Structure formats: structure tokens, C-alpha cells
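Chain by chain, the residues run as shown.
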Amino acid sequence: MLRYLIDPANAITTAGLICSSLSLYLALNGQIELAVAVALWAVLADHLDGVVAGRTPNRHPDMAKMGKSLDGYGDLIYGAVLPAVLILQLNNVELLSLFIASALLLAGAIRLSYFANFGKSEDGRFFGVPLSYDIPLLAALILVQPLVPAEAFLPMVNLVFAALAVAHVASVRVPSPNNAMYLAITVFAVGASAVLAQRGISP
């Protein structure tokens, strides 16, 4: 079973799962900025594994089948479970955050189930906003937190993620990222994770 993880793309997916696990630990420990910093590397792993899979010569079909399933579970964890836990922690597990977290988990499961069965539209677009938007968006919100009045920050985060839960399952078509978008995501993720890690470590 573990031999399937030797495949380069599957190894990257596994590394992303490890990042998600570490991020969950940090989130539950109240280290939100560090948790989001590490979660951004799970996002990067999700983008990179597909690129590597497509460029691996003579990749065995069994490796690809295993990778597809593994990637789906990774998407659910970093794209739905992590944001839900982070929203709960940011709100000190208040009742409103339970509804938002539950909506994120449910929307994530529905969206991934739909994608696994029906894939993209005929023109190559996603139905609904992909889960990979959640962590970068949360990172952007936390980066600007010092500029936002304290009493406005949590309502803003809750409103954004409540809307995002709806957008995940809405009948909207979202273009697949092109090379420029992948580059922008990579640059943002690396830069934002460095800033958030520095803020999280500083006394």
C-alpha cells in the first residue's frame, strides 16, 4: 500500500497532507498565523502534484488511480476541514462559527463529490468556486488584520466565509488557473507564509 507513495506526484500529495496535519495542530493550539502559514504549503502541494503527475513519463495507471483518491482526501482536509477549524478558533468556538464551519464542511464535501463524478464543464471550467481559494483568502484577511478595526475583523471574516461556502456549490463557472495564475498563487503563498510565520513566531 505504502509503495504507491513512492510516485513523485503522490509523494507531494502526502507532503501536503503532512502540512495540513501540522496546520491543524497549530490551529488547535491557538497559533493561527503559524497554522495559516503552514496551510499555504498544503495549497502549494495541491497545485504542484498535478503538474508533476502530468510530466511523469510512463506513469503507471495504478499510481494515477491512487493519486486521484489521495488528492481528493487532501483537498477535503486543507480545503474544508482546515478553514472550518480556523474559523472556529478565530471565533473562540462561538455558536455562529459552528454554523459557518458546518457550511464549509458540507459545501466542501458536496463540491468534491460533484467534481469526482462529473469533472469540469465542457469548456474546461469548474462548477462552483474551488476549495483551493479558502486558505489563500484567509491568509490575505489575516495579513490585513492589523489595518482593520478590531471590532470589524471577525464579522468581516465570518461574512466572507459564509459567502464562500455558498459560492462553492453555486452554479457559477470558474476558469481553470493558467500558468500566470499558478505563478501568482505560488508567489503569494510563499511570501504570505513567510510574513505570517514571522508574525507568529515573534513575541
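From a predicted model like this one, the values you see are computed outputs, not experimental measurements. (Residues numbered from 1 in each chain as written. Predicted model: local features only at pLDDT ≥ 70, side-chain atom pairs only at ≥ 80, totals over all residues. Heavy atoms only, no water.)

### Digging into the pattern of salt bridges
Once the charged atoms of two side chains with opposite charge are near each other, the side chains can pair. Taken as a whole and assessed by the stated rule, the structure comprises four salt bridges. Arginine 59 serves as the salt-bridge partner of aspartate 7, at 2.8 Å between the closest nitrogen and oxygen. A residue pair is termed long-range when its members are at least 10 positions apart, and aspartate 7 in the segment before α1 (8-28) and arginine 59 in the loop between α2 (32-55) and α3 (61-90) qualify at 52 residues. Among the ionic pairs, aspartate 123 bridges to arginine 125, the shortest N-O distance being 3.3 Å. (Salt bridge = Lys/Arg side-chain N within 4 Å of Asp/Glu carboxyl O. Helix = DSSP H or I, 4+ residues; strand = E, 2+ residues; numbered from the N terminus.)

### Topic: the nonpolar core
Counting 40 residues, the largest nonpolar core has Val36, Leu86, Ile135, Leu138, Val157 and Phe161 as the members making the most contacts within it. When contributions to this core are tallied by element, the ones reaching two or more residues are α1, α2, α3, α4 (95-118), α5 (134-143), α6 (150-168) and α7 (179-201). When residues of this core are assigned to their parent elements, the largest contribution, eleven residues, is made by α2. Setting aside anything within four residues of it in sequence, one finds valine 36 in contact with Ser23, Leu86, Ile135, Leu138, Ala139, Ile142 and Leu196. (Core = buried A, V, L, I, M, F, W, Y, C linked by side-chain atoms within 4.5 Å. Buried < 20%, exposed > 50% of the residue type's maximum accessible area, 1.4 Å probe, protein only. Contact = heavy atoms within 4.5 Å.)

### Topic: the packing of α3 against α4
The interhelical angle for the contact between α3 and α4, taken along N-to-C directions, is 170°, at an axis separation of 8 Å. With respect to α4, the element α3 is oriented roughly antiparallel. Where α3 abuts α4, its residues Gly72, Asp75, Leu76, Ala80, Val81, Pro83, Ala84, Ile87 and Leu88 lie against Ser97, Leu98, Ile100, Ala101, Leu104, Leu105, Gly108, Ala109 and Leu112. A class-by-class count of the residues in the contact of α3 with α4 yields 14 nonpolar, three polar and one charged. (Axes fitted to C-alpha atoms, helices over the stretch in contact; angles between N-to-C directions. Parallel < 35°, antiparallel > 145°, perpendicular 65-115°, else oblique. Nonpolar A, V, L, I, M, F, W, Y, C, P; charged D, E, K, R; others polar.)

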